[in-house]
Amino acid sequence: LVRSPHPGVAVDAIEALGSKHIDGAVPALTEVLACDDELLFKGALNALSWRRALNDDTIVRSLLAALERDCCRYNAATSLEKIDNPAVADGLLEILRNGSPEAASQATFSLGWINDPRASEAILSARAAGQVIDMSSFIMAMGDLKEPRAIPELVPILNIYKYDQDMRSRAARALFNI
């Protein structure tokens, strides 16, 4: 039923797997994390969360892989940020170094959120090497990490983004946190 061509049936099957204690549910739900359907992906995440299975290494690897897919990136990242597993930070650091610019930007934001001690150095090194990281993700991560080495990059944002109140506000918040 999870592989049904009818999205409603598949979503209902995913919800049932999450709410009932059915043997074999976790592997079936983990398979769904590989799909490119945002609704099914999010349903599988919720079901795995209900079953308290998100900390499993196989699921962590699936979520890290999902950061490379536009349809799943945000939901995968918000789930990863809640998982207390060293493999999460390791995987995010690897994506920061070798992932697409979009995935690296999301990894930057998530590394700030989970406050991994290796994150500041990795993010600053990636920027110094010319890696493209979304400015908003960079600002938020540096503020969350309270990284004083980012101040020279954050202060000019207050002038550069004169007409972008959101960006100026993020930079001001980050500077305040630091």
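Further up the page is the structure itself.
Residues numbered from 1 in each chain as written. Predicted model: local features only at pLDDT ≥ 70, side-chain atom pairs only at ≥ 80, totals over all residues. Heavy atoms only, no water.

Trainee: Could you give me a rundown of the environment of Arg 170, with the residues and numbers involved?
Mentor: In this fold, Arg 170 is placed in helix α12 (residues 165-177). Through-space distance from the C-alpha of Arg 170 to that of Ser 136 is 7.5 Å; in sequence the pair is 34 residues apart. Those residues in contact with Arg 170 that lie beyond four places of it in its chain are Ser 136, Ile 139 and Met 140. (Helix = DSSP H or I, 4+ residues; strand = E, 2+ residues; numbered from the N terminus. Contact = heavy atoms within 4.5 Å.)

Trainee: Could you give me a rundown of the nonpolar core, with the residues and numbers involved?
Mentor: In terms of nonpolar packing, the biggest core is built from 54 residues, with Leu 63, Leu 67, Leu 80 and Ile 123 touching the most fellow members. Sort the elements by how many residues they give to this core and helix α3 (residues 38-50) lands first, with six residues. If we skip the residues at most four places from it in the chain, Leu 67 touches Arg 73, Ala 76, Ala 77, Leu 80, Leu 92, Ile 95, Ala 103 and Gln 106. (Core = buried A, V, L, I, M, F, W, Y, C linked by side-chain atoms within 4.5 Å. Buried < 20%, exposed > 50% of the residue type's maximum accessible area, 1.4 Å probe, protein only.)

Trainee: I'd like to hear about the state of the cysteines, residue by residue, with values.
Mentor: By definition, a disulfide links the sulfur atoms of two cysteines through a covalent bond. Counting across every chain of the model gives zero disulfides. With no disulfide partner, Cys 71 has as its closest neighbouring cysteine sulfur the one in Cys 72, 3.0 Å distant. (Disulfide = S-S within 2.5 Å.)

Trainee: Tell me about the layout of surface pockets, residues and numbers included.
Mentor: Approximately 170 Å³ is the volume attributed to the largest pocket. Around the largest pocket, the lining residues are Lys 42, Leu 45, Asn 46, Ser 49, Leu 54, Tyr 74, Asn 75, Thr 78, Ser 79 and Lys 82. Listing elements by their share of the lining of the largest pocket, those giving two or more residues are α3 and α5 (73-80). Along the lines of polarity and charge, the residues of the lining of the largest pocket split into three nonpolar, five polar and two charged. (1 Å grid on protein atoms, 1.4 Å probe; cavity = no way out; pocket = protein on both sides within 12 Å on 5 of 7 lines; lining within 4 Å. Points joined across faces, edges and corners; volume = space filled by probe spheres on them. Nonpolar A, V, L, I, M, F, W, Y, C, P; charged D, E, K, R; others polar.)

Worth remembering: the numbers are spatial, not functional.
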